[in-house]
Amino acid sequence: MAHPYARELGDFLRARRSRLRPHDVGLEPGGRRKVTGLRREELALLAGLSTDYYQRMEQGREVRPSDDVLDALAAALGLDDEERRHLFGLAHAARRPVPARMDHKPEQVPDGTRRLLRVMDTPAVVLGRHLDLLDWNPMAQALLGDPGAVPPDRLNMLLLMFDDTLTGERSCPDWERQALDYIGMMRTAVATDPTHPRATAIVGELSIRSAEFRRLWARHDVRGSVSGTKTFRVPEVGEIVLAWDTYPLPGSPGPVMLIFTAEPGSADADRLQLLASLHATRLIS
């Protein structure tokens, strides 16, 4: 059996090689090509490696590249800073023996974080390392619906995003970008523990039932704590465009708080406040 981190490293290298084209790196395309990206021998040449050595890396075999080799590969693949950190993290983990047993205890939300959620006047949730929804505040419930109505094992942002019954979510114009952000966060989590049963279960289920997930997962995009914007289509108030940011909580790796905000005084802020008022009225009645 290949080292789990070596397998993940090989998959990452293969995905990054496939996105490059010969003209991207100053090579002539040549005749008819069987692969969409660079050939292994072309990438090995650019990195100053033997084709056999590079091939063994992609196959996840027992190869422990030096930092100089990793630097050369990062340059040849044109990796950005986050991708380079991901490459080095996987390679360094692959050099170490696989721990006999990893700590897979349930994630906990600190009491102070739960109190903070309740006093915030903007939607906020706490996500576990594998994007499980661990806690939320009333504003998030107003915006996203009641998470308590979903079975606990299904309360996961990726499972919910690729749930075919949630057609409204899929109709949002930025759905794929949002999905890629969450997938990139999951990739980063997998890099810390490729054999974690929760990650294996989520990725395995989605890979079986969603061709769309398989396509996006195969890109091997990685994200740390990220930010962006998301458009919500809420029947009661119309479209709301909110910025979102993630903030790590104590733990390494640990949960993150995801907070949605609107520009003060904007139409989106007004719609968000209207939604909160409607939600409060429903709770009272």
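Structure: see above.
A.B. asks: Even after reading the chapter, I still don't get the overall build of the protein, so can you show me in this structure?
C.D. replies: Counting its secondary structure elements, the protein contains 13 helices and five strands. Counting over 285 residues, the protein shows a buried share of 45%. Partitioning the contacts of the protein with sequence separation of at least 6, the portion at a separation of at least 24 is 59%. Per element, the accessible surface of the protein, about 14,600 Å² overall, is 54% carbon and sulfur.

A.B. asks: Can you help me understand the environment of Arg19 in this one?
C.D. replies: Within the secondary structure, Arg19 sits in the loop between α1 (4–18) and α2 (40–47). Given the relative accessible area of 36%, Arg19 is considered partly exposed. Remark: the alpha-carbon pair of Arg19 and Gly37, spanning 18 residues in sequence, is separated by 5.5 Å. Setting aside residues no more than four positions away along its own chain, Arg19 makes contact with Asp24, Leu77, Gly78, Leu79 and Glu83. There is a polar contact of 3.0 Å between the side chain of Arg19 and the side chain of Glu83.

A.B. asks: How should the packing of α2 against helix α4 (residues 67–77) be read in this particular structure?
C.D. replies: Each packed pair of helices is defined by two parameters, the angle between the axes and the distance between the axes. It is the contact of α2 with α4, at a shortest axis distance of 8 Å, that shows an interaxial angle of 120 degrees. Classified by the angle between their axes, α2 and α4 sit oblique to one another. Regarding α2 and α4, the two cross each other, and that crossing is right-handed. For the pair α2 and α4, contact is made by Leu43, Leu46 and Ala47 and by Ala72, Leu73, Ala76 and Leu77, respectively. For the contact of α2 with α4, a count of residues per class yields seven nonpolar, no polar and no charged.

A.B. asks: Even after reading the chapter, I still don't get the pairing of strand β4 (residues 238–248), so can you show me in this structure?
C.D. replies: For a regular strand, side chains alternate in direction, first toward one face of the sheet and then toward the other. Strand direction decides the pairing type here: strand β3 (residues 227–234) and β4, joined by eight bridges, are antiparallel. If you follow Thr231 over to β4, its bridge partner there is Val241. Between β3 and β4, which pair antiparallel one after the other, the connecting turn spans three residues. Sheet analysis places β4 next to strand β5 (residues 256–261), joined by six bridges and oriented antiparallel. Paired with Ala243 across the bridge in β5 is Thr261.

A.B. asks: How should the pairing of β5 be read in this particular structure?
C.D. replies: Taking burial as the measure, the six residues of β5 include five buried ones, the bulk of the element. Where strand β1 (residues 124–127) lies against β5, four bridges are found, and the strand directions are antiparallel. Within β5, the position partnered with Ala124 by the bridge is Ile259.

A.B. asks: Whenever I open this one, the sheet that holds β5 confuses me. Can you help?
C.D. replies: Pairing between the strands of a sheet comes from backbone hydrogen bonds, and it takes one of two forms, parallel or antiparallel. Reading across from one edge, β2-β1-β5-β4-β3 is the order of the five strands in this open sheet, with antiparallel pairing throughout. Pairing within the sheet leaves two strands with one partner each, and these edge strands are β2 (133–136) and β3. Strand-to-strand twist of the sheet, defined as the mean angle between neighbouring strand axes without regard to direction, takes the value 30 degrees. The sheet contacts of helix α10 (residues 175–192) involve β1, β3, β4 and β5, and relative to β4 the element is tilted by about 15 degrees.

A.B. asks: Any chance you could explain the environment of Ile259 here in plain terms?
C.D. replies: Within the fold, Ile259 resides in strand β5. Measuring from C-alpha to C-alpha, the distance between Ile259 and Tyr247 comes to 8.1 Å, with twelve residues separating the pair along the chain. The contacts of Ile259, once residues within four sequence positions are left out, are Met120, Thr122, Pro123, Ala124, Ala243, Trp244, Asp245 and Tyr247.

A.B. asks: Would you take a moment to explain the side chain of Glu83 for this structure?
C.D. replies: The residue Glu83 is located in helix α5 (residues 81–95) in this model. With residues near it in sequence (within four places) discarded, Glu83 still touches Phe12, Arg16, Arg19, Gly78 and Val222.

A.B. asks: Honestly, the packing of α2 against helix α3 (residues 51–58) in this entry has me stumped. Any pointers?
C.D. replies: Where α2 meets α3, the axes come as close as 9 Å, and the angle between the chain directions of the two elements is 110 degrees. Classified by the angle between their axes, α2 and α3 sit roughly perpendicular to one another. The handedness of the crossing between α2 and α3 comes out as right-handed. Contacts from Arg40, Glu41, Leu43 and Ala44 in α2 reach Thr51, Tyr54, Gln55 and Glu58 in α3. Looking at side-chain class alone, the contact of α2 with α3 contains three nonpolar, two polar and three charged residues.

Cut-offs used in this document
Residues numbered from 1 in each chain as written. Predicted model: local features only at pLDDT ≥ 70, side-chain atom pairs only at ≥ 80, totals over all residues. Heavy atoms only, no water. Helix = DSSP H or I, 4+ residues; strand = E, 2+ residues; numbered from the N terminus. Buried < 20%, exposed > 50% of the residue type's maximum accessible area, 1.4 Å probe, protein only. Contact = heavy atoms within 4.5 Å. Areas by Shrake-Rupley, 256 points an atom, 1.4 Å probe, with all protein chains shown as cover. Polar contact = N/O pair within 3.5 Å; in protein donor to acceptor, adjacent residues only side chain to side chain. Axes fitted to C-alpha atoms, helices over the stretch in contact; angles between N-to-C directions. Parallel < 35°, antiparallel > 145°, perpendicular 65-115°, else oblique. Left-handed = near helix turned anticlockwise from the far one by under 90°. Nonpolar A, V, L, I, M, F, W, Y, C, P; charged D, E, K, R; others polar. Pairing = 2+ DSSP bridges.

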